[in-house]
Amino acid sequence: SNETQAAETETGAEAIENTATSAVNQGTTGSVILTDVSDVVENVMPSIVAITNSGYTTQNFGFWQGTVEIPTEGSGSGIIIGQNDTELLIVTNNHVVENSETLTVQFADNTTAEATIKGTKPNADIAIISVPMDSLSSDTRSAIAIATLGDSDALKIGQGVIAIGNAMGYG
């Protein structure tokens, strides 16, 4: 249809919005039109990071054996949301960074850097971490981007979403 062709010539959110509108207009057939979202992914990927949390957990083995510190490693995703003269700021979930001894951030160009926790709000499961700008090469600085955040109040039930991240450490 003409609507589908128009959606294919547009990029990013416009293509998704037009496709969602087209799918709603065809609701009587029960079909859903899928659109290539590679442009959206390409635009967003430089803002997405993988976070590895290395730490320890205490395991109690009973009265006679006592407690033992066991090394742990967790992973999650983050979004680059800002930068100042000295650091890159990344938002993530609190559960990704809690109990960390070391936080390592992997960027879109596969380079890594150490990060520190700037602040957390456990009841909202949110955290801000930072990476020193002087720990990033000029190539990495060119490969990453600060995310453009949208307006969640403008969302409507039924609109499509794309999940991009580091779920379960799979990248």
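Analysis parameters
Residues numbered from 1 in each chain as written. Predicted model: local features only at pLDDT ≥ 70, side-chain atom pairs only at ≥ 80, totals over all residues. Heavy atoms only, no water. Helix = DSSP H or I, 4+ residues; strand = E, 2+ residues; numbered from the N terminus. Buried < 20%, exposed > 50% of the residue type's maximum accessible area, 1.4 Å probe, protein only. Polar contact = N/O pair within 3.5 Å; in protein donor to acceptor, adjacent residues only side chain to side chain. Core = buried A, V, L, I, M, F, W, Y, C linked by side-chain atoms within 4.5 Å. Contact = heavy atoms within 4.5 Å. Patch = residues over 30% accessible without salt bridge, like charges linked within 9 Å, V, L, I, M, F, W, Y side chains within 5 Å. Areas by Shrake-Rupley, 256 points an atom, 1.4 Å probe, with all protein chains shown as cover. Salt bridge = Lys/Arg side-chain N within 4 Å of Asp/Glu carboxyl O. pLDDT = per-residue confidence, 0-100. Pairing = 2+ DSSP bridges.

1. Some remarks on the side chain of Glu87
Counting through the fold element by element, Glu87 comes out in strand β3 (residues 87-92). The buried category is assigned to Glu87, whose relative accessible area is 14%. Within polar-contact distance, the side chain of Glu87 engages the side chain of Ser130 at 3.3 Å.

2. Side note on the nonpolar core
Core analysis: the largest hydrophobic core is formed by 18 residues, its most contacted members being Leu88, Val105, Phe107, Ile129, Val131 and Leu136. Going through the elements one at a time, β1 (48-60), β3, α4 (94-97), β4 (100-106), β5 (112-121) and β6 (126-132) are the ones with two or more residues in this core. Excluding its chain neighbours within four sequence positions, the residues that come into contact with Leu136 are Leu88, Phe107, Ala113, Val131, Arg141 and Ile144.

3. What to know about unusual backbone geometry
Glycine aside, residues mostly have negative phi, and peptide bonds are mostly found in the trans state. With a phi angle near 70°, Asn110 is a residue other than glycine that sits in the positive phi range. Inspection of the secondary structure assignment puts Asn110 in the loop between β4 and β5. Using a relative accessible area of 58% as the deciding quantity, one classes Asn110 as exposed. The backbone of Asp125 sits at a positive phi, close to 50°, despite the residue not being glycine. Here Asp125 is to be found in the loop between β5 and β6.

4. Side note on a nonpolar patch on the surface
A grouping of Ile79, Ile81 and Leu149 is seen on the molecular surface, where their side chains present a nonpolar patch of about 250 Å² in accessible area. You can call Leu149 exposed: its relative accessible area is 62%.

5. Re the environment of Ser142
When you line up the elements, Ser142 lands in helix α5 (residues 138-143). Taking the relative accessible area as the measure of exposure, Ser142 reaches 65% and is therefore exposed. Between the alpha carbons of Ser142 and Pro46 there is a distance of 9.3 Å; along the sequence they are 96 residues apart.

6. As for the pattern of salt bridges
This model, assessed by the stated rule, comprises one salt bridge. The partner of Lys118 in a salt bridge is Glu87, and the shortest N-O contact between them spans 3.1 Å. With Lys118 in strand β5 and Glu87 in strand β3, the pair connects residues that are 31 residues apart, well separated along the chain. Under the relative-accessibility criterion, Lys118 is labelled partly exposed at 48%.

7. Let's talk about the side chain of Ser130
By the element assignment, Ser130 lies in strand β6. By relative accessible area, Ser130 is classed as buried at 3%. If near-sequence neighbours (up to four positions away) are discounted, Ser130 is found in contact with Glu87, Leu88, Leu89, Glu114, Ala115, Thr116 and Lys118.

8. Focus: the confidence of the model for the protein chain
In the predicted model, the protein chain carries a mean pLDDT of 80, and the fraction of residues at 70 or more is 74%. Of all the helices and strands in the protein chain, helix α1 (residues 2-9) carries the lowest mean pLDDT, 41, while β6 carries the highest, 98.

9. A closer look at the pairing of strand β2 (residues 67-83)
The sheet contact formed by β2 and β3 spans five bridges and is antiparallel. Directly across from Gly78, in β3, lies its bridge partner Thr92. In textbook terms, the turn of a hairpin is the stretch between consecutive antiparallel strands, and for β2 and β3 this stretch comprises three residues.

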